[in-house]
Amino acid sequence: MLELANICKTFNIGTINEKKALCGVNLRLQEGDFVTVIGGNGAGKSTMLNAIAGVWPVDGGTISINGIDVTGLPEHRRAAYIGRVFQDPMMGTAANMSIEENLAMALRRGKRRTLRWGITKAERERYHDELKKLGLGLEGRMTSKVGLLSGGQRQAITLLMSALQKPRLLLLDEHTAALDPATAAKVLELTDQIVENNKLTALMITHNMTEAIRHGNRLLMMNAGRIILDIAGEEKKNLKKADLLQKFAEVAGVQEETDSVLLS
């Protein structure tokens, strides 16, 4: 479903601030994979996600989604294949529009706009049913402005919006980092539910080792612009936090006592 082949990206080339963010990254995701990505600040996690989404062009290599080479496509052209949830809960929704209007926008993404009535009765029923599954009581507030909701509620709606058209690839960019622990746990539970129910292929960045181990069927660790660990299957199921720290120390070549700081 996703293939990265020798992806390279350097910022501020030729200046004192030159930074190699991605150094020949290779990655293949099969349909239905739910992959968590962990690493310290500057490891290249968000740069990789932004390269996939087309936020900026890469310096070398190719990016393919479902067998289609999207390397040269701008961000808005890749949106037909990608759903994305950002770290900031305010970025995924339009605050001055109602919940049902936000969902209607997501459902119509990439389609031709007409002068027909904005939201049909059938659509409104569908939104009600989908919101009810979230278990947050939002199905009774469909005409409420999204700006009146909490960060966790907005993030839950963004998740729902990202899955309405069943994208080829769902990108989750530390989407619980700005939430309190209880709300973050609820949003992660909804993430698992939405990914599984819609059979999505997902890539989730997190700084939390426990979350990275607990969610998904595969775990990647990045360091200095490279993927240094790729753990899947039974090995991931049996993985413990201490094991992850030890593996990071072995592969990255850093002192074990600094691992928790780098990965926190």
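Before going into details, it helps to say that this report is about the structure given with it. (Residues numbered from 1 in each chain as written. Predicted model: local features only at pLDDT ≥ 70, side-chain atom pairs only at ≥ 80, totals over all residues. Heavy atoms only, no water.)

## Things to note about the packing of helix α3 (residues 99-107) against helix α4 (residues 121-134)
Between α3 and α4, the least distance of the axes is 11 Å, while the angle of their chain directions is 105°. Relative to α4, α3 is oriented roughly perpendicular. In contact with I99, E100, L103, A104 and L107 of α3, α4 contributes E123, R124, R126, Y127 and L131. Of the residues belonging to the contact of α3 with α4, the class tally is 6 nonpolar, no polar and 4 charged. (Axes fitted to C-alpha atoms, helices over the stretch in contact; angles between N-to-C directions. Helix = DSSP H or I, 4+ residues; strand = E, 2+ residues; numbered from the N terminus. Parallel < 35°, antiparallel > 145°, perpendicular 65-115°, else oblique. Contact = heavy atoms within 4.5 Å. Nonpolar A, V, L, I, M, F, W, Y, C, P; charged D, E, K, R; others polar.)

## Description of the side chain of H175
Summarising the element assignment, H175 is placed in the loop between β7 (169-173) and α6 (181-197). Within the structure, the side chain of H175 is placed 2.9 Å from the side chain of T191, a separation counted as a polar contact. Leave out the neighbours within four places in its chain, and H175 touches V85, F86, Q87, Q155, L159, V187, L188, T191 and M204. (Polar contact = N/O pair within 3.5 Å; in protein donor to acceptor, adjacent residues only side chain to side chain.)

## Regarding the sheet that holds β7
Across the sheet, which stays open at both edges, the 6 strands sit in the order β6-β7-β8-β3-β9-β10 with mixed pairing between neighbours. Both outer strands of the open sheet, β6 (82-85) and β10 (226-232), are each paired with one neighbouring strand and no more. Pairwise comparison of adjacent strand axes, ignoring direction, gives a mean angle of 20° for this sheet. Bridge count for β6 against β7 is 4 bridges, and the pairing is parallel. Paired with G83 across the bridge in β7 is L170. Helix α1 (residues 45-53) contacts β3 (34-38), β6, β7, β8 (202-205) and β9 (218-223) of the sheet and is inclined by roughly 145° relative to β7. The strands touched by α6 are β3, β7 and β8; relative to β3, the strand with the most contacts, the crossing angle is about 145°. (Pairing = 2+ DSSP bridges.)

## Let's talk about the pairing of strand β1 (residues 2-11)
Two elements, β1 and strand β2 (residues 19-29), share 8 bridges in a ladder whose sense is antiparallel. Counterpart to L2 in the pairing with β2 is L29. In this sheet, strand β4 (residues 60-65) lies alongside β1 in antiparallel orientation, the contact comprising 5 bridges. Bridge pairing links L4 to I63 in β4.

## As for the nonpolar core
Within the largest apolar cluster, 34 residues are counted, with the highest numbers of intra-cluster contacts made by I99, L103, Y127, L131, L134, L159 and L172. When residues of this core are traced back to their parent elements, those giving at least two are α3, α4, α5 (151-163), β7, α6 and β8. Here L134 is in contact with A156, L160, K186, L190 and I194, once residues within four sequence places are set aside. I7, L27, A43 and V70 belong to the second-largest nonpolar core, a separate cluster that totals 28 residues. (Core = buried A, V, L, I, M, F, W, Y, C linked by side-chain atoms within 4.5 Å. Buried < 20%, exposed > 50% of the residue type's maximum accessible area, 1.4 Å probe, protein only.)

## Focus: α1
The periodicity of an α-helix, 3.6 residues per turn, causes residues three or four positions apart to be oriented the same way. In terms of burial, α1 is a largely internal element, 8 of the 9 residues being buried. Along α1, the residues classified as buried are K45, T47, M48, L49, N50, A51, I52 and A53. Positioned one or two residues after α1, G54 has a phi angle of 90°, which is positive.

## Here we look at the packing of aromatic side chains
Applying the stated rule across the entire model yields 1 aromatic pair. Between F11 and W56, the aromatic rings sit 5.0 Å apart at their centres with planes inclined by 80°, giving edge-to-face as the arrangement. Residue F11 is located in strand β1, and its partner W56 is located in the loop between α1 and β4; the two are separated by 45 residues in the primary sequence. Residue classification places F11 among the partly exposed positions, given a relative accessible area of 24%. (Phe/Tyr/Trp six-rings, centres within 6.5 Å; stacked < 30°, edge-to-face > 60°.)

## A look at the layout of surface pockets
Rolled over the atoms, a probe sized like a water molecule indicates the empty space that remains. Computed from the structure, the largest pocket encloses a volume of approximately 490 Å³. Forming the walls of the largest pocket are 21 residues, and the residues nearest its centre are I82, G83, R84, F86 and R109. The set of elements that each furnish at least two residues to the lining of the largest pocket consists of α2 (75-78), β6, α3 and α5. Taken together, the residues of the lining of the largest pocket break down into 8 nonpolar, 8 polar and 5 charged. (1 Å grid on protein atoms, 1.4 Å probe; cavity = no way out; pocket = protein on both sides within 12 Å on 5 of 7 lines; lining within 4 Å. Points joined across faces, edges and corners; volume = space filled by probe spheres on them.)

## What to know about the state of the cysteines
Under the defined criterion, the tally for this structure stands at 0 disulfides. Here C8 stays unpaired: no disulfide links it, and the sulfur of C23, its closest cysteine neighbor, is 6.8 Å away. (Disulfide = S-S within 2.5 Å.)

These values are about where atoms sit, not about what they do.
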